Amino acid sequence: MSIAIEFVDLHFRYPGGVEAVRGVSLTVSAGERVAIVGENGAGKTTLVRHLNGILRPTSGTVLVGGASTRDRSIAQLAAQVGYIFQNPDEQLFASTIGADVEFGPRNLGCTPSEAAARAASALATVQLQDQAGLHPHHLSPSERKRVALAGVLAMQTPVVVLDEPTTGQDARGVEIVAGVVDSIAAQGRTVVAITHDMDFCAEHFDRVVVMADGLVQADGDTRAVFDQVGTLERAAVEPPQLLRLAAHLGWHARPLTPAEFVDASTREPRDLGTRVD
Ligand SMILES: Nc1ncnc2c1ncn2[C@@H]1O[C@H](COP(=O)(O)OP(=O)(O)O)[C@@H](O)[C@H]1O
Ligand SMILES: [Mg+2]
């Protein structure tokens with residue numbers, strides 16, 4: 001199952017505080033994968049927290065599968081939107097990792113054996129199958145983040161929201177998270193990820209939304225957005241390494257992935273020593 005999400009002129013002000021989202025309109029089609037980037041405080045987390053009903057609009061509308069979140073409970077939205085918090089310790093609460101991952105599907109009405117099977121499969125996907133009996137505190141923060149990811153996978157929701165999924169992950173952890181994103185997207189589910197990791201963004205997302213100051217500053221095809229150098233600079237977002245390197249070498253190619261970089265390297269000038277830019 002695949003569903004779209006839409007923000008229509010969303011504004012959100014924290015009680016007694018800042019207006020963190022100041023008029024965002026954004027449509028994410030069913031099955032699309034979108035990365036949201038921008039510096040700390042840009043309003044990214046506040047925006048996506050509207051998708052599972054943790055936050056309700058100050059004004060404007062948020063639609064999930066065509067229906068306003070205003071009319072639905074957090075429990076109803078949980079069946080549609082899986083949300084992985086930036087800090088997994090806000091999310092994990094059961095006394096074992098296996099029980100934690102089973103909780104979501106149980107809550108959605110799965111039988112105990114179906115929930116257990118889904119949990120086992122999700123834990124295997126994030127390579128924590130051998131830790132199912134442990135208390136979450138016996139894992140590292142980066143492993144706890146992968147437990148939270150497994151919890152959302154086990155719910156098999158049509159929309160998955162990931163808040164900084166690669167933060168704190170080592171290279172293997174990033175690879176696991178990337179594999180999960182690719183497989184969720186391959187199943188036609190809608191993926192929205194907030195990330196500070198531009199290489200992860202360039203390699204696994206088709207569309208990038210740049211936020212700053214509670215507003216969308218750029219939105220479009222990944223390569224096109226990373227070409228908007230001035231906008232990125234104002235939003236304090238640095239383009240992916242490979243793009244910066246290609247620009248540095250004076251290449252015309254704009255590679256986003258290692259494969260594209262290698263491919264471009266066969267066509268671009270190789271005599272680097274004589275270039276004076
Ligand atoms: N619970 C909160 N109460 C009050 N202000 C908050 C809260 N959470 C975030 N903010 C403020 O809202 C703004 C946007 O924050 P946030 O959505 O977390 O941005 P980002 O995820 O892009 O770093 C910031 O100015 C932040 O300080
Ligand atoms: Mg955030």
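Please refer to the structure placed before this passage.
Residues numbered from 1 in each chain as written. Chains lettered and ligands numbered in written order. Predicted model: local features only at pLDDT ≥ 70, side-chain atom pairs only at ≥ 80, totals over all residues.

With respect to the nonpolar core
Then step 1. In terms of nonpolar packing, the biggest core is built from 76 residues, with Leu51, Leu149, Ala150, Val161 and Val210 touching the most fellow members.
Then step 2. The element that contributes the greatest number of residues to this core is helix α5 (residues 141–155), accounting for eight residues.
Then step 3. When residues are assigned to domains, this core turns out to be shared by domain 1 (1–73 + 188–239) and domain 2 (241–271), each giving three or more.
Then step 4. Excluding its chain neighbours within four sequence positions, the residues that come into contact with Leu149 are Ile84, Val126, Pro165, Val177 and Val180. (Core = buried A, V, L, I, M, F, W, Y, C linked by C-beta atoms within 7 Å. Buried ≥ 20, exposed ≤ 12 C-beta atoms within 10 Å, placed from the backbone. Helix = DSSP H or I, 4+ residues; strand = E, 2+ residues; numbered from the N terminus. Domains from an automatic or database assignment. Contact = placed C-beta atoms within 7 Å.)

Some words on the site of ligand 1
Then step 1. By nearness alone, every residue bordering ligand 1 is listed as Tyr14, Gly17, Val18, Ala20, Gly38, Asn40, Gly41, Ala42, Gly43, Lys44, Thr45 and Thr46.
Then step 2. Its residues assigned to classes, the shell around ligand 1 shows four nonpolar, seven polar and one charged. (Near = placed C-beta within 6 Å. Nonpolar A, V, L, I, M, F, W, Y, C, P; charged D, E, K, R; others polar.)

Re the sheet that holds strand β7 (residues 159–163)
Then step 1. With respect to topology, six strands assemble into an open sheet ordered β6-β7-β8-β3-β9-β10, the strand pairing being mixed. If you trace the sheet from one side to the other, it starts and ends with β6 (81–84) and β10 (215–221), each paired once. This sheet shows a mean twist of 15 degrees between the axes of neighbouring strands, independent of strand direction.
Then step 2. In this sheet, strand β8 (residues 190–194) lies alongside β7 in parallel orientation, the contact comprising five bridges. Bridging across to β8, Val160 finds its partner in Val191. (Pairing = 2+ DSSP bridges. Axes fitted to C-alpha atoms, helices over the stretch in contact; angles between N-to-C directions.)

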